[in-house]
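Coordinates in review
Chain by chain, the residues run as shown.
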Amino acid sequence: MDSNFSLAAKQTLENYDAKVPKEHDRVYKDECLYSFDSPDFEGGLFICLKTFAGFGYDHVERYHRKTGCSVFLHMLRHKIEVETKMTQVGDAPTERKVTRLAIGVDGGFDPDAENKKYKTVEEYSIVILPSFKSFPFETSELPQKVIDSIKGIIEAKSANYLDELQSMASTWDGEVRQETRYADIEQLNNGKTIAPSGWKCEFEDCDKVDNLWLNLTDGSIYCGRKFFDGSGGNGHATLYYEKTKYPLAVKLGTITKEGKGDVYSYPEDDMVENPNLIKHLSHFGINISALEKTEKSMVELELALNQKVGEWATLQESGSELKPIFGPGYTGIHNLGNSCYMNSIMQVLFSISDFTDKYYLGSKDIFEICQTNPTENFDVQVAKVAHGLCSGKYSTPPAEVVEGKKYWHHGIRPTTFKSLIGKGHPEFASKKQQDAQEFFLYFLSLIERYSQNSQNPAECFKFNIEDRYQCSTTGQIKYTYRPEYCLPLSISLDNIINKAEVEAFKQKQAENDNKDVSEVVRPRLKFASCLNSFGQPEVIEQFFNAALNQRTTAEKITRFASFPDYLMIHLKKFTLRQDWTPIKLDVSVEMPEDIDIEYLRGNGPQEGENLIPDSSSASPGVFVYDENIMSELTNMGFPPEACKRAIFFTKNKSLNDATNWLMEHISDSDFSDPFVVPGADTNSDFLPNEEAAAMIMSMGFERNHVIAALKATENNLDRALDWIMSHGPEEILPTEKTVKSNNPQFRDGKGIYKLFAFISHMGSSSTVGHYVCHIKKEGRWVIFNDEKVAVSQNPPTDLGYLYVYKRMANDQVM
């Protein structure tokens, strides 16, 4: 062996039981199991030659002490600066352009574009613990089994890469489309031939020569719809479909030599993939080999419009000189494929002491007591993210390039964390864009689940809601209580305060052919009008009064029974039009920095109130839902629990009545929650399977969560397990035994708050677009836009989607 080896090192390597990774082995060579140290970090990564687990310098010694494993492959990567980050096209360098509404794919947004001006160099060495004696991998006369192990690790696909492959099928890409159901349409033999150019809308008196769509059934050509900036067409293609019902049209000018193009399916109301497009075009004499793409695709148009005006520029503060900020609490999170919804929520949570105390300050204890695979340990992975965000270790300014080498770890990539918390969830396991509010509730449900016997930081958001019912027949009162983690508020366009300005803006656009979009005028509302929707009395039909042993009507008033330390407010911007088309309300809501909602506190039963007596013997009876109405409503896409509500409150009258009820109540906060007959004692009308309940409770779930799951699944054990894994504590059925208004499990204090953070969404629906968050830290607003963190210059507080208010301390209350 090489003379650099000591006798002890020689013996260690010759006697060491090094393994060669097999196909099924997971090789953790991307980053440390406990931190975000990687081969790109200054200390590199140590990979165990026995277990193929990877560790940063701060964790490898503990691993050695616990396991006795002593020989590691040390991987170190550094970047060498190259001349330019431009791409080469022919002989001319060109700036890389974004052409697709996607992240991390060819032509899409590239969060690592800045790093593309460096090339990567890898170095390998063998390290023996506990001495950390290091030898270059090129050292001669290494034992063959050590050489084979190291080569196997280097050549193996990493565990992170394998996880990526599993989610690839669900990767969001703005250009991925479903294959149309109308690919086999019958085309008319009308002898029509389409010229290669000179197209014009065939509608009478229409002069549009762009944004033209060729109907694939009869070859007619009509203009498309208007875009939100007023450009586009006059909608004549849509009118033609309504007249003929010919389903497919392709946008002229987007057809490529490969036989691709923008195909729209009117009955499917979406852009689609048409596998027979070449055949359909040839029917009208179109030779695709002679065509040149001359118009922007719909994706390119949406991208251009979004970059030009609207929320995208405002919410990302594109017009401001944003100063990057680094250090503890200012670490960005790289986008893992439309994971910005997760990034924004995690940044907000780990700016709150309840979460940092447990998962950051307590991370050493969490790491030390871990006895399972760290990649499958919830507390370890959350602590790993907490340390990554709060330590400042992964948030440093670009270092000077020394001898051509650059080590700069800016931001974290929580791949393992995302994989673990999304495991088994049909949406959060994918790379599709998700709703940040839904992720917030889902993640808190996981925190709740794994904090059964320890500090539960989610309690800082938890509050108690009081529902007060007053029977219209007897005047008697009934109180019920339920836990919540988020306050949903409806937005009514009836409360717009700048109607005249909005109408003037629309008129100005019409006069300028809908092309002037330099100054967008949005409908503006006061926060108070949204809050009033929460506090308004509501008439409840079919309320069961146990004293009368019959159904009647009642007035319901909802109030806070407690105020949380942090109040999450959800402005319900995603809704449906009257034709059930999902839309996002592009409105401005004037959110105050300070709010006092103490006036919305409920006080529970009052002296002199005639309370409806609790009676286990009284029962509202069994309400039988009309199966035909239920089937029709669910086929329309309404949630089953919402359908139950509609049928119950319309007394099985008709499909039309139930549908109207649904459209009127679609913005209700409990629209799709498990339905319970109003006024019913929810403990008396359901008997859980105690054997099934005990089995699920043995897994660590609370009894009321288990009972809710069994009730929702009619005591089916397997379905209950699925239900409980996908429904958090926030979805537990309200019961008389849930809580009393003064239950100590709810934190409480004055309902006086100051704005702490807000999360904004840009895009047309919750399944596309982008999220960013703004957080007030050290007296200034900071914008977190994935891995980019900067001091905010113009925080758009009026365009948020989720708002977090922090309760003011008593000495701060004016």
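Below, the structure is looked at part by part. (Residues numbered from 1 in each chain as written. Predicted model: local features only at pLDDT ≥ 70, side-chain atom pairs only at ≥ 80, totals over all residues. Heavy atoms only, no water.)

What follows concerns the nonpolar core. By size, the foremost hydrophobic cluster in this structure holds 100 residues, and its most contacted members are F350, F439, F443 and F461. Per-element accounting of this core gives the leading share, nine residues, to helix α14 (residues 436–449). For F443, the residues in contact, after removing those within four places along its chain, are M346, L349, F378, V382, F417 and I421. (Core = buried A, V, L, I, M, F, W, Y, C linked by side-chain atoms within 4.5 Å. Buried < 20%, exposed > 50% of the residue type's maximum accessible area, 1.4 Å probe, protein only. Helix = DSSP H or I, 4+ residues; strand = E, 2+ residues; numbered from the N terminus. Contact = heavy atoms within 4.5 Å.)

Moving on: the packing of aromatic side chains. Centre distance and the angle of the planes are the two values used to describe a pair of aromatic rings. A complete count under the given rule lists 38 aromatic pairs for this structure. On the basis of an interplanar angle of 40 degrees and a centroid distance of 5.4 Å, the ring pair of F463 and F560 is categorised as tilted. Taken as a pair, F463 in strand β15 (residues 463–471) and F560 in strand β20 (residues 550–560) lie far apart in primary sequence, 97 residues in all. Judged by relative accessible area, F560 falls into the buried class, the value being 0%. Ring geometry for F649 versus W661: centroids 5.6 Å apart, planes at 20 degrees, classification stacked. Of this pair, F649 sits in helix α18 (residues 640–649) while W661 sits in helix α19 (residues 655–665), placing them 12 residues apart in sequence. Look at F649 and you get buried, because its relative accessible area is 11%. Residue classification places W661 among the buried residues on the basis of a relative accessible area of 12%. The ring of F36 has K384 lying over it, and the distance from NZ or CZ to the ring centre is 5.1 Å. A cation over an aromatic ring shows up here: K462 above the ring of F746, its NZ or CZ 5.2 Å from the ring centre. (Phe/Tyr/Trp six-rings, centres within 6.5 Å; stacked < 30°, edge-to-face > 60°. Lys NZ or Arg CZ within 6 Å of the ring centre and 35° of its normal.)

We now examine the environment of R62. Tracing the chain through its elements places R62 in helix α2 (residues 57–67). Put simply, R62 and E368 are 306 residues apart on the chain and 8.2 Å apart in space, counted from C-alpha to C-alpha. Not counting the four nearest positions on each side in its chain, R62 is found in contact with Y34, F367 and E368.

With that settled, consider the sheet that holds strand β9 (residues 221–223). Taken in spatial order, the five strands of this open sheet run β9-β8-β10-β11-β12, and their pairing is antiparallel. The two strands at the open ends of the sheet, each matched to only one other strand, are β9 and β12 (270–272). Strand-to-strand twist of the sheet, defined as the mean angle between neighbouring strand axes without regard to direction, takes the value 40 degrees. As judged from the three bridges shared by strand β8 (residues 212–215) and strand β10 (residues 248–251), these two strands associate in the antiparallel manner. Opposite W213, over in β10, you have K251 as the bridge partner. Across the sheet, helix α5 (residues 236–244) touches β8 and β9, and the angle it forms with β9 is around 125 degrees. (Pairing = 2+ DSSP bridges. Axes fitted to C-alpha atoms, helices over the stretch in contact; angles between N-to-C directions.)

Let's shift gears to helix α21 (residues 703–712). Within the span of α21, buried status applies to H705, V706, I707, A708, A709 and L710. One or two residues past the end of α21 sits E714, with phi positive at roughly 55 degrees.

Now for unusual backbone geometry. Here the bond from L129 into P130 is cis, since omega is 10 degrees, no more than 30 degrees from zero. In this fold, P130 is placed in the loop between β6 (118–128) and β7 (133–136). Despite not being glycine, D269 shows a phi value in the positive range, around 50 degrees. Take D269: it is sitting in the loop between β11 (263–265) and β12. Positive phi, close to 50 degrees, is recorded for E778, a residue that is not glycine. According to the relative accessible area criterion, E778 is exposed, its value standing at 67%.

This part is about the packing of helix α12 (residues 378–390) against helix α13 (residues 415–422). Interaxial distance between α12 and α13 falls to 9 Å at its minimum, and their mutual angle equals 140 degrees. Compared by their axis directions, α12 and α13 come out oblique. Handedness of the α12/α13 crossing: left-handed. From α12, F378, Q381, V382, K384 and V385 reach across to α13, where they touch T416, F417, L420 and I421. Looking at side-chain class alone, the contact of α12 with α13 contains six nonpolar, two polar and one charged residues. (Parallel < 35°, antiparallel > 145°, perpendicular 65-115°, else oblique. Left-handed = near helix turned anticlockwise from the far one by under 90°. Nonpolar A, V, L, I, M, F, W, Y, C, P; charged D, E, K, R; others polar.)

Time to look at the pattern of salt bridges. Under the defined criterion, the tally for this structure stands at 28 salt bridges. A salt bridge links R482 to D467, with the nearest nitrogen and oxygen atoms 2.8 Å apart. With R482 in strand β16 (residues 477–484) and D467 in strand β15, the pair connects residues that are 15 residues apart, well separated along the chain. In this structure, the salt-bridge partner of R468 is E609, at a minimum N-O distance of 3.1 Å. With R468 in strand β15 and E609 in the loop between β25 (594–596) and α17 (627–635), this residue pair connects regions lying 141 residues apart in the sequence. A single network of salt bridges, built from pairs that share partners, joins D354, D565, R747 and R807. (Salt bridge = Lys/Arg side-chain N within 4 Å of Asp/Glu carboxyl O.)

Below, the discussion takes up the pairing of strand β27 (residues 770–777). With seven of eight residues buried, β27 lies mostly within the body of the structure. The antiparallel pairing of β27 with strand β28 (residues 780–785) creates a hairpin that spans two residues between the two strands, and E778 there sits at a positive phi of about 50 degrees.

Before going further, it helps to spend a moment on the side chain of Q476. Inspection of the secondary structure puts Q476 in the loop between β15 and β16. Residue classification places Q476 among the buried positions, given a relative accessible area of 10%. Side-chain polar atoms of Q476 contact the side chain of T474, separated by 2.9 Å. Side-chain polar atoms of Q476 contact the side chain of N545, separated by 3.2 Å. Contacts of Q476, omitting those with residues within four sequence positions, involve Y469, Q470, C471, N545, A547, N610, L611, I612 and P613. (Polar contact = N/O pair within 3.5 Å; in protein donor to acceptor, adjacent residues only side chain to side chain.)

Taken in spatial order, the four strands of this open sheet run β16-β15-β20-β19, and their pairing is antiparallel. Single-partner strands in this sheet number two, and they are β16 and β19 (538–545). When strand polarity is set aside, the average angle formed by the axes of neighbouring strands in this sheet is 35 degrees. Relative to β16, β15 runs antiparallel, the two being bridged by eight bridges. Residue R468 lies in a different strand from β16, and its bridge partner there is Y479. The strands that helix α16 (residues 527–535) touches are β15 and β20; relative to β20, the one it contacts most, it runs at about 140 degrees. In the packing of α18 onto the sheet, contacts are made with β19 and β20, and the angle to β19 comes to roughly 80 degrees.

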